[in-house]
Amino acid sequence: MIVNNPEKIKLIKDNLVYMEDIVVKFGKVVALNGVNFRVGKNEVVGLLGDNGAGKSTLIKSLNGYHRISAGNIYFDGKHADFTSPKDARDAGIETAYQDLALVNLMSISRNFFLGRELQRNFLFMKLLDMRRMDEIAARSLKEVGLRNIRAMHETVNFLSGGERQAIAIGRANFFGAKLLILDEPTAALSVTETEWVLRLVKEAKESGLAVILISHNAYEVFGVADRFVVLQHGENYADIKKEETNPEELIEVIAGRIKK
Ligand SMILES: Nc1ncnc2c1ncn2[C@@H]1O[C@H](COP(=O)(O)OP(=O)(O)OP(=O)(O)O)[C@@H](O)[C@H]1O
Ligand SMILES: [Mg+2]
C-alpha cells in the first residue's frame, strides 16, 4: 500500500489509529458504511452511539476479528492487515470485549496469558510454565488493584465484571500494549467497580497508552475521555473534543437530536 498524499501521510504518522472509509457487511446488513476513525497517540477516545450503531463492529474490524469489505486501517504508522485478534495483540492492541471478554473455563492466569503462554522445556517436550505464569499474573493483577482474588489457577467464571476488566487492563500493562480497547467495560458493574475501572483507564493513559472506551453512559465517559466519536446507523455522526461539549449535550448527540 503506497500512500503519496503528504497530508494523509502526516495523519497516519501523527495518529496511533487511522481508519478510513471502513465498510463491514454481514450478509445483506451493512454494519459500517464508510466510517472514518482515528485515535491520537496517548489519547482516550469515547466511542458512543445507540444500540446497533456499529461501535463493536468498528473495534472488531480494527483488531482483526472482522474482515473489512472496503477501507484502510493504519496502526502505529503502518498499514495494518490483522487477520486475527492475536495478530493485533502482537502489534500492541489489547481488547476487552463486551460479549467474549474471557474464556470462562480457563484459569485466571491462562486468561491473562491467552495466546502468549510461557513454556518450559521438560525432557524433549515443551510444557506450559504454569508456575511462572501464575506468579506474573498475580503480580500484574495486584498492580491494577485486584486484591482479593483467591488463586491464579481458579477459573474465571466466578469473577465479577470489574475483575474481568482488570485482567484485560493488567494484561495490556504487562505486555506493553499501545492501545487498550474496552467495549462497555462498566455495563454490568456496581458503582464502586465502575469507579475502579474508570480510574484504571486514567492510569492507562498516564502510563502512555491510548484507549478506546465504548459506553452508553455519557457522564461516565465524559470524566475520562479526551474526545468523543459518535456513530449512528453505521456512519459517522459526530466527532467532538471534550472542551467543546458537556455530558448533557453528548446525550442529545447520541440520541440524534443534535448534530455536531
Ligand atoms: N456477527 C454479526 N452478524 C450479523 N450482524 C451483525 C453481527 N455483528 C453485528 N451485526 C449487526 O451490525 C450492526 C452493528 O452492530 P454492533 O454490534 O457493532 O453495534 P453496537 O454499536 O456495538 O451496539 P451495542 O451498543 O448494542 O453493543 C447491528 O445491526 C448488528 O445487528
Ligand atoms: Mg456493542
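With respect to the domain arrangement of the chain
The domain architecture assigned to the chain consists of domain 1 (6-102 + 159-254) and domain 2 (106-158). Residue-level contacts link 19 residues of domain 1 with 19 residues of domain 2. For the pairing of domain 1 and domain 2, the buried interface totals around 1,700 Å² over both sides, and the portion due to carbon and sulfur atoms is 62%. Across the contact surface, domain 1 and domain 2 share 1 salt bridge. In this structure, E94 engages R116 in a salt bridge whose closest nitrogen and oxygen atoms are separated by 2.9 Å.

Concerning the site of ligand 1
If you check the shell around ligand 1, you find 13 residues, and the closest are N51, G52, K55, S56 and T57. Contact distances for ligand 1 include 2.7 Å between an oxygen atom and a side-chain N or O atom of K55. If you tally residues by element for the shell around ligand 1, the top one is helix α2 (residues 55-62), at 3 residues.

Regarding the environment of H216
Within the secondary structure layout, H216 lies in the loop between β10 (210-214) and α8 (218-224). Residue classification places H216 among the partly exposed positions, given a relative accessible area of 39%. In sequence terms H216 and T186 are 30 residues apart; their C-alpha atoms lie 9.4 Å from each other. Filtering out sequence-adjacent residues up to four positions away, H216 remains in contact with G49, D50, N51, K55 and E184. Polar contacts involving the side chain of H216 include one to the side chain of E184, which spans 3.1 Å.

Some words on the sheet that holds strand β4 (residues 70-75)
Strands sit in the order β2-β1-β4-β5 across an open sheet of 4 strands; the sheet is antiparallel. Edge positions in the sheet fall to β2 (29-40) and β5 (78-79), since each has one partner strand and no second. Pairing between β4 and β5: 2 bridges, direction antiparallel. By the bridge assignment for β5, Y74 is matched with H79. On the sheet, helix α1 (residues 6-14) packs against β1 (15-26) and β4 and is oriented at approximately 100° with respect to β1. Together, β1, β2 and β4 form the strand contacts of α2, whose direction differs from that of β1 by roughly 115°.

Quick word on the sheet that holds β10
Across the sheet, which stays open at both edges, the 6 strands sit in the order β6-β9-β10-β3-β11-β12 with mixed pairing between neighbours. Each having just a single partner strand, β6 (93-96) and β12 (235-241) make up the two edges of the open sheet. Looking at each pair of strands side by side, their axes are set apart by 15° on average, direction ignored. Looking at chain direction, strand β9 (residues 179-183) and β10 are connected through 5 bridges and run parallel. Across the sheet, residue D183 finds its bridge partner in β10, namely I214.

Cut-offs and rules
Residues numbered from 1 in each chain as written. Chains lettered and ligands numbered in written order. Predicted model: local features only at pLDDT ≥ 70, side-chain atom pairs only at ≥ 80, totals over all residues. Heavy atoms only, no water. Domains from an automatic or database assignment. Contact = heavy atoms within 4.5 Å. Buried area = accessible area lost by both parts, 1.4 Å probe. Salt bridge = Lys/Arg side-chain N within 4 Å of Asp/Glu carboxyl O. Near = heavy atom within 4 Å. Polar contact = N/O pair within 3.5 Å; in protein donor to acceptor, adjacent residues only side chain to side chain. Helix = DSSP H or I, 4+ residues; strand = E, 2+ residues; numbered from the N terminus. Buried < 20%, exposed > 50% of the residue type's maximum accessible area, 1.4 Å probe, protein only. Pairing = 2+ DSSP bridges. Axes fitted to C-alpha atoms, helices over the stretch in contact; angles between N-to-C directions.

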